[in-house]
Structure formats: structure tokens, C-alpha cells
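Given next are the chains, with one letter for each unit.
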Amino acid sequence: LQLSSTTSQVAETLSGLQIHPFSSLASWRNNDCLVSVKGYSNYVWHSENCCSRNKHGGYDSHGQLNILVESSSTSSQEASGLLYEDGYLWNYVPGATTADISTTDLGAFTNWSTQTSTFAGGVVQNNNTGVFAMELIDNTLISGFNFKKSFFFFNNNQIVALGSGITNTSSSNT
């Protein structure tokens, strides 16, 4: 194996908003920050929690908003506010709209599930401005748990997240 004698150049950092329709995912990279929003629909399952793998990941796609920040003075995890020194609360995934169910019930959800609504996705304008939206009509984990979420990305480093129509007909999981 012989390496080329030509020098390689460092690729420029990618930036802008991208919608990934076959993942129900939006990713927005700007400066030293990466933001992702994850949804799911009737066509894209919520998470890979099959057969005892990722048993508590049932809420990973309930409109989860993740903000990862690069920092030279501290760890990226600490700079992003994601230190879980006392453990991770699976019912309170950052940015997700969730119902309060027991960890046992959340762990009993063991298939690659979809939901009733087909509405999840987004659009981009001028590479850095756009919207990602989803509707949840849950018929698998908690029947009667519904919501709509919209995330607006602006080219001045602002994100507006809105939730509406949040309902839960279950009296025990609120």
C-alpha cells in the first residue's frame, strides 16, 4: 500500500439545514453547533428497540430536539448541557413530548413501531432557513396520546419550537 504524495486539503465545515425524509430527521449545522430534530410517522419507525435492544428508547423520536455545541474549554457534552451524573430519565428526553409512564412499561415496548399519522418532514429555503414538523397519533405505546410539533429554523441562529394539540386520554399516564 503506497500513499499518494499529493497533499490533501481539509474539507470545509458543512453548514445549513438538511431534511432527511427517510429518517424523519432535520439536522442544522451552524458555526460550532449541530441541532437535530427527530420524528416518526406511519412510514418511518420511531427507534430501533427490538428484541431487548434500546429497551427504553420509545421516546427518542417524539420530536426530540438535540443541541450539540463544540467547546474548546470543556467537553461537548457539558457545553451542551447533557451531563447525566445522576442517570438518564427516559421519560424526559430533551425536547420530546412524552407521557409519564413507568420504565417497565416503556421497556415492554419491543418492536419497530410506526404510528397512524403520515405527517413528518420539512422544507428548506436558501440552505439555512426552514421548517420541520410532525404529527403524532399514538396507537402503539399509549393509545390516545397525540400532539403536533413544529420547528422553525432561521438563518440568524434562532430556532422556534411550537407544540399544539397535546392530548392524552389516559388518566394514569399524564
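Read on for a plain summary of the structure.

Calculation criteria
Residues numbered from 1 in each chain as written. Predicted model: local features only at pLDDT ≥ 70, side-chain atom pairs only at ≥ 80, totals over all residues. Heavy atoms only, no water. Pairing = 2+ DSSP bridges. Helix = DSSP H or I, 4+ residues; strand = E, 2+ residues; numbered from the N terminus. Axes fitted to C-alpha atoms, helices over the stretch in contact; angles between N-to-C directions. Core = buried A, V, L, I, M, F, W, Y, C linked by side-chain atoms within 4.5 Å. Buried < 20%, exposed > 50% of the residue type's maximum accessible area, 1.4 Å probe, protein only. Polar contact = N/O pair within 3.5 Å; in protein donor to acceptor, adjacent residues only side chain to side chain. Contact = heavy atoms within 4.5 Å.

1. A closer look at the sheet that holds strand β3 (residues 33-38)
What holds strands together in a sheet is hydrogen bonding between their backbones, with the strands either parallel or antiparallel.
Okay, so step 1: Reading across from one edge, β1-β2-β3-β4 is the order of the four strands in this open sheet, with antiparallel pairing throughout. Each of the sheet's edge strands pairs with one partner strand only, and the pair in question is β1 (16-20) and β4 (64-69). Ignoring which end each strand starts from, the neighbouring axes of this sheet average 15° apart.
Okay, so step 2: Two elements, β1 and strand β2 (residues 25-30), share five bridges in a ladder whose sense is antiparallel. What sits directly across from H20, in β2, is L25.

2. Observations concerning the nonpolar core
Okay, so step 1: In terms of nonpolar packing, the biggest core is built from twelve residues, these being Y40, Y59, V93, A96, A99, I101, L106, M134, L136, I142, F145 and F147.
Okay, so step 2: Where this core is concerned, the elements lending two or more residues are β6 (129-138) and β7 (145-154).
Okay, so step 3: Grouped together as the second largest cluster of nonpolar side chains are ten residues, V35, F132, F151 and F153 included.

3. Concerning the side chain of S117
Okay, so step 1: In this structure, S117 sits in the loop between α2 (103-107) and β5 (120-125).
Okay, so step 2: By relative accessible area, which is 5% here, S117 ends up buried.
Okay, so step 3: Polar contacts involving the side chain of S117 include one to the side chain of E135, which spans 2.9 Å.
Okay, so step 4: Sequence-distant contacts of S117, that is, excluding residues within four places in its chain, are made with S41, N42, E135 and I137.

4. Re the sheet that holds β5
Okay, so step 1: The sheet built from four strands is open, its strands ordered β5-β6-β7-β8 with antiparallel pairing. Strands with a single pairing partner mark the edges of an open sheet, and in this sheet they are β5 and β8 (158-168). Across the sheet, the mean angle separating the axes of adjacent strands is 5° when strand polarity is ignored.
Okay, so step 2: Here β6 runs beside β7; their pairing, made up of nine bridges, is antiparallel. The partner of G130 across the bridge, within β7, is F153.

Note that all results are geometric; they support no functional claim without further evidence.
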